[in-house]
Amino acid sequence: MDAATAALASWQLPLLPATLAVLAVLLYWRGWRALRAQLPAQFGAARLAAFLAGVTTVILAVASPIDAFAPLLLRVHMLQHILLTMVAPPLLWLGAPALPLLRGLPQGAAKHGLGPFLAWPPLLAAGRFVVHPLVAWLALVIATLLWHLPGPYQLALRDPDWHQFEHACFLVAGLLFWFPVVQPYPSRARWPRWAMVPYLLLADAQNTLLAALFVFADRPLYAAYAAAPALTALDARGDQAAAGALMWVAGSATYLVAAAAIVIGWLNGSALAPRAAPPRPPPAPRRRLDLLRVPRLGAALRSLALRRAAQALMLLLAAAVIADGLLGPRMSPMNLAGVLPWTYWRGLVVIALLAVGNVFCMACPFMLPRALGRRLLPGRRAWPRRLRGKWLAAALLVVYLCAYEAFALWDAPRLTAAIALAYFAAALVVDGIFRGAAFCKHLCPIGQFHFVHATVSPFTIAARDPETCRSCAGADCIRGTPTRRGCELELFVPEKRGNLDCTLCLDCVRACPHDNVGLLAVAPAAELATDPPRSSLRRLSERPDIAALALLCVFGAFANAAGMLEPVLRAEAALAARLGLDSPLALTLAALPVALVALPVAALGSAVAIGHRWSGATATPRALACRLALALVPIGLAMWSAHFLFHFATGIGTAVPVAQRALADLGVALGSPDWSHAAAMHAPAWLTPLELLLLDAGLLLSLSVGWRTALELNHGRGRPAVALHLPWAALAIALWVAGAWIVFQPMQMRGMVH
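This one's a predicted model, so the numbers in the text were calculated from it and none came from an experiment.

Draft legend 1. Molecular detail of the overall build of the protein. What the protein contains, in helices and strands, is 34 helices and 2 strands. Computed over C-alpha atoms, the radius of gyration of the protein comes to 30 Å, within 12% of the 27 Å expected from 2.2 N^0.38 for 754 residues, which places it in the range of a compact globule. In the protein, buried positions account for 50% of the 754 residues. Intrachain contacts of the protein at a sequence separation of at least 6 include 79% that bridge at least 24 residues. About 34,700 Å² of surface is accessible on the protein, with carbon and sulfur atoms providing 70% of the total.

Have a look at this one:
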């Protein structure tokens, strides 16, 4: 018997499922035809196609060769589970089957039989309970975890009846899970639409963790597959890894595509939002959350004295880092210069960016030496025209990322202190010679890092009422007053769009005579999807320097994290030995420019060239590249956050013994340092799921921004937008896969006691 004949012979459709499937299709078809005549907008051909596709998927899963080979190959069995939990249920719900199935029944049976039964209050209450999002989410997660335990899994492999029961559990759990996501007509949503995004992301995190267990396990988890005859070149361990990879990729793709559709529909005013609820009157305009109007918090944020106090505190900490770096012990885990910048400051920066915005620029310790520089030096020159823009800052950021690896800055307190001193000197000299905030705007690589990633932050400085700005003739927010400073970075509030170049200093807030500037809530990363003229920045499609800076931040996140992975370090050491090099440093320095410059240019250039050709977009490839480079910023920030929070969480106790030691050196005894706190902690159990959630959210935002950008560049035409979006989305997904791989690898505990 050849393979084709064997495959055909393995089709086995049990009588009961076959009868139920045929009956469901006939009833649906009959009811759909009647409803289509009455409600054509609700019951178009797409509903019918979705329902038929869902039924076909179920049959494919339980009756095709997939079912026959499931006991022999784990990856085939995994495919079967994916079809039953992630593919068939949403398709069935997209068909909105409740009304067509009821309408398809004979009139008497519907009116006097099933109809009254379905309207029975206890049954309705039970139905509402099981499709509640919390219950539905738990149903799928518990079913997935329980049936993948070795005992239940092997029971299903041994006993066909248990195998069918397992399939029924997966299908029912999948239907419950996808019900609040699809919200089939005419049901009503129990939770806000946006809540389905974390609902899906949390499910994806659980799916990814389970998939990673299959991929990285060093032995077969199920004895039945280890004893099964080999049908392919893969052994049981390889088959298991392939099953995990299938679960990982297919599961994440399904959850993320669904979440992206919800976000896009939500941002676009609900084109893809559920149509279940009956029309409601338009909601009254809602007042946006304004942090400056929150009692106490708003007053604290507006307070210049508090800002100066924060800057003074940061300056004091910077001075301590410099002094201890130059004079303290050389061991990084025992020195403030080895702990505060590399463990605490980086972790707190990403937390602030994700929660509020560019808070660390607000409290920047370099502001005080800059102010001193203005008093000591004339500060009247204009910044050279040729050096304006972000190219110089981008080059400095490349130098910094390369120097970080080349000189092991995390393990070099004296060098860290020297760099901080140089930073202070540069800020003093540049702002002492040139007027405006030249150092912040054109040079500071740390500030550029904050500017780029603040575009994903949930708050922005903006006018509360644009009409008030239109009637204002003073423009004090940018010019300032005799007693109040205006915006040094030349951002005019009425024309300011987003957080680029905003240091969150709130000088414009204090200068506005109408109290019309707020710190307003915005959709994260929404500013990246539009291209209006921006005060001081022009249109971002005309700024290749900003696009280059964004690409550098994105690919720098992955290169920086990958440089600490043990598999990468081992590979570098092996290659160096093969080439006869004493150390892999030369290889690292050669690889970094490729990873930071050549690879981003090649990857984005290819995606844009393909998308431009496929879509026929009228915008130039340069403008497309400028826009789509910015759409990658969310996935880049997600990688930075996952990386820095790993070090922050595993080194959270290091500051205590180091501070005790530093104070003891000054004659202030606060007990003997317990250096066990300077050793790397085991990563807490919640850390990997959090890292995956960050990556998922980053990819989701990037895909959403990329899609809206593609739609705008193609004037709302869907098909060309898809053609432009697809190659770029492939790049974003590839970055997400790289990030997910990184978080599962052992990471070098740099700057910790080993």
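Draft legend 2. Seen up close, the side chain of His725. Within the fold, His725 resides in helix H34 (residues 718-743). We classify His725 as buried; its relative accessible area is 12%. Setting aside chain neighbours within four positions, we find His725 in contact with Leu703, Gly706, Trp707 and Ala710.

Draft legend 3. Representation of the layout of surface pockets in the model. Empty space within the largest pocket amounts to approximately 1,800 Å³. Surrounding the largest pocket, 50 residues form its lining, Leu92, Trp93, Pro97, Leu101 and Leu175 being those nearest its centre. When contributions to the lining of the largest pocket are tallied by element, the ones reaching two or more residues are helix H2 (15-38), helix H3 (45-63), helix H5 (74-94), helix H6 (98-104), helix H7 (107-118), helix H8 (121-130) and helix H11 (160-182). The element contributing the most residues to the lining of the largest pocket is H11, with 9 residues. In the lining of the largest pocket, the residues fall into 41 nonpolar, 6 polar and 3 charged.

Draft legend 4. Structural context of unusual backbone geometry. Cis peptide bonds are those with omega within 30 degrees of zero, and the linkage from Tyr185 to Pro186 qualifies with 5°. Although it is not a glycine, Arg296 adopts a positive phi angle of roughly 70°. Judged by its relative accessible area of 75%, Arg296 is exposed. Even without being glycine, Glu490 reaches a positive phi, approximately 60°. For Glu490, the location among the structural elements is in the loop between helix H25 (476-479) and helix H26 (507-511).

Draft legend 5. Spotlight on the packing of aromatic side chains. The final tally for this structure, using the stated rule, is 26 aromatic pairs. Judged by centre distance (5.2 Å) and plane angle (80°), the ring pair of Trp248 and Phe744 falls under edge-to-face. Residue Trp248 is located in helix H14 (residues 236-267), and its partner Phe744 is located in the segment after H34; the two are separated by 496 residues in the primary sequence. The buried category is assigned to Trp248, whose relative accessible area is 10%. Site record: aromatic cluster; members linked through ring pairs are Tyr153, Phe214, Tyr222 and Tyr225.

Draft legend 6. Layout of the packing of helix H20 (residues 391-406) against helix H27 (residues 544-562). Put simply, H20 and H27 touch, their axes get as near as 9 Å, and they point 15° apart. Considering their axes alone, H20 and H27 lie roughly parallel with respect to each other. Considering the relative orientation of H20 and H27, their crossing is left-handed. Across from Trp391, Ala394, Leu397, Val398, Leu401, Tyr404 and Glu405 in H20, the residues of H27 making contact are Pro544, Asp545, Ala548, Leu549, Leu552, Cys553, Gly556 and Asn560. Of the residues that constitute the contact of H20 with H27, the class distribution is 11 nonpolar, 2 polar and 2 charged.

Draft legend 7. A look at helix H10 (residues 150-158). Restricting attention to buried positions, one finds in H10 the residues Tyr153, Gln154, Ala156 and Leu157. Buried residues of H10 fall within an arc of 155° about the axis and therefore sit on the same side. Tucked inside the fold, the buried residues of H10 contact H5, helix H9 (133-147), H11 and helix H13 (223-227).

Rules used in this analysis
- Residues numbered from 1 in each chain as written.
- Predicted model: local features only at pLDDT ≥ 70, side-chain atom pairs only at ≥ 80, totals over all residues.
- Heavy atoms only, no water.
- Helix = DSSP H or I, 4+ residues; strand = E, 2+ residues; numbered from the N terminus.
- Rg over C-alpha atoms; globule rule 2.2 N^0.38 Å.
- Buried < 20%, exposed > 50% of the residue type's maximum accessible area, 1.4 Å probe, protein only.
- Contact = heavy atoms within 4.5 Å.
- Areas by Shrake-Rupley, 256 points an atom, 1.4 Å probe, with all protein chains shown as cover.
- 1 Å grid on protein atoms, 1.4 Å probe; cavity = no way out; pocket = protein on both sides within 12 Å on 5 of 7 lines; lining within 4 Å.
- Points joined across faces, edges and corners; volume = space filled by probe spheres on them.
- Nonpolar A, V, L, I, M, F, W, Y, C, P; charged D, E, K, R; others polar.
- Phe/Tyr/Trp six-rings, centres within 6.5 Å; stacked < 30°, edge-to-face > 60°.
- Axes fitted to C-alpha atoms, helices over the stretch in contact; angles between N-to-C directions.
- Parallel < 35°, antiparallel > 145°, perpendicular 65-115°, else oblique.
- Left-handed = near helix turned anticlockwise from the far one by under 90°.
- Arc of directions from axis to C-beta.

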